[in-house]
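Each chain is listed here by its residues.
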Amino acid sequence: MSSVKSMTGYGRYEVCDAQKKLVIDLRSVNHRFCDMTVKLPRVYAYMEEKIKDYVGKRVRRGKIDISVYFESYTGQNKIVSLDLPLLHSYHDALSAIREECSIVAPIGLSDLTRFSDIFITHQEEQDQDAIWEMVLEGLTAAVDDFEAMREREGARLTCDLRQHAASVMADLAKVEELAPRVVETYSVRLRERMKELLQDVPVEESRFMTEVALMADKLCIDEEIVRLKSHFEELENILSEADGIGRKLDFLIQEMNREVNTIGSKANDLQIAKIVVNMKAEIEKLREQIQNIE
């Protein structure tokens, strides 16, 4: 079963023996998408897309820097040949100088070998498939190390998310307990206010109750409470999916914020307003942590 992964991670593979030296580093930080940069010697540039393709199949999000250093101590024979036309040109030029300046000394080998550009060095053609197989083996190990670190960090993030979620749910229980009193409080205040304004004029009870009922509908936050509970149930469901869940969680947090803001504006109650402030603070902590999840 897969687990929640952080977008921040580091992985490394290194081997050095009689045949080769291979070092692969992977580092990642948060990013909305999967953005990869590969650094490797120019002679191995043909592997860049293969490396991106392999890592891209295992990593969904993050800005990933991949560094590959590979040196094979076998099959490194170099072939040296001469640029004969250039060699003859140098010889002709030296002969002309010798004749023009009446130099008696003959033109020697040391005179001609001073011109290093007459030598052409060829690298033996490499077996690209064999090299890629060696690099792929190291890349697999490096990504395994990288993923293990991201999973460890993901486990810590998951624990933290659940703690903040539990705090919000505890506050929501307080709000749910206070919610019925909001209409009662409004009813008492309205009756006192009407008595104060109308003094000895009797209050028509039916009109009073109609007004209370209309305001009760406006103050009712039952639907928001139900939806917010549902969002936190969905949070737990998504955490159990643990496969590219960062964007889902980001959207879910937006919905949580919307419900909490609505509760705060509709309830029109000082105690609930204070609790809502705490809930919003905890949801913001959730949002910050979710930004780190793949």
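Here, every reference points to the structure presented above.
Every value quoted in this text rests on a predicted model; they were computed, and no experiment measured them. (Residues numbered from 1 in each chain as written. Predicted model: local features only at pLDDT ≥ 70, side-chain atom pairs only at ≥ 80, totals over all residues. Heavy atoms only, no water.)

A few words now on unusual backbone geometry. In this structure, Ser 102 is a non-glycine residue whose phi angle is positive, near 55 degrees. With respect to the helices and strands, the residue Ser 102 is situated in the loop between α2 (84-100) and α3 (109-112). By relative accessible area, which is 62% here, Ser 102 ends up exposed. (Helix = DSSP H or I, 4+ residues; strand = E, 2+ residues; numbered from the N terminus. Buried < 20%, exposed > 50% of the residue type's maximum accessible area, 1.4 Å probe, protein only.)

The pairing of strand β1 (residues 9-16) with strand β2 (residues 20-29) spans 8 bridges and is antiparallel. Its bridge partner being in β2, Glu 14 is matched across the sheet by Val 23. (Pairing = 2+ DSSP bridges.)

Once that is clear, we can look at the packing of helix α6 (residues 222-241) against helix α7 (residues 246-267). Two numbers describe how α6 lies on α7: the axes approach to 10 Å, and their chain directions differ by 165 degrees. The angle between α6 and α7 falls in the class roughly antiparallel. Note on packing geometry: the crossing formed by α6 with α7 is left-handed. Contact residues: α6 offers Glu 224, Ile 225, Arg 227, Leu 228, His 231, Phe 232, Glu 234, Leu 235, Ile 238, Leu 239 and Glu 241, while α7 offers Lys 248, Leu 249, Leu 252, Glu 255, Met 256, Glu 259, Val 260, Thr 262, Ile 263 and Lys 266. (Axes fitted to C-alpha atoms, helices over the stretch in contact; angles between N-to-C directions. Parallel < 35°, antiparallel > 145°, perpendicular 65-115°, else oblique. Left-handed = near helix turned anticlockwise from the far one by under 90°. Contact = heavy atoms within 4.5 Å.)

With that settled, consider the nonpolar core. Counting 34 residues, the largest nonpolar core has Ile 263 and Ile 272 as its most contacted members. Where this core is concerned, the elements lending two or more residues are α4 (128-198), α6, α7 and α8 (270-290). Here the element with the most residues in this core is α4; it accounts for 9 residues. Counting residues in hydrophobic clusters, the runner-up holds 23 residues, among them Ile 24, Tyr 44, Ile 64 and Val 135. (Core = buried A, V, L, I, M, F, W, Y, C linked by side-chain atoms within 4.5 Å.)

What follows is about the pairing of strand β4 (residues 62-72). Here β4 shows one buried face, formed by Gly 62, Ile 64, Ile 66, Val 68, Phe 70 and Ser 72, and one open face, formed by Lys 63, Asp 65, Ser 67, Tyr 69 and Glu 71. Here 6 bridges tie strand β3 (residues 34-39) to β4, and the two strands are oriented parallel to one another. Directly across from Met 36, in β4, lies its bridge partner Ile 64.

So far we have only geometry, and geometry alone does not tell us how the molecule works.
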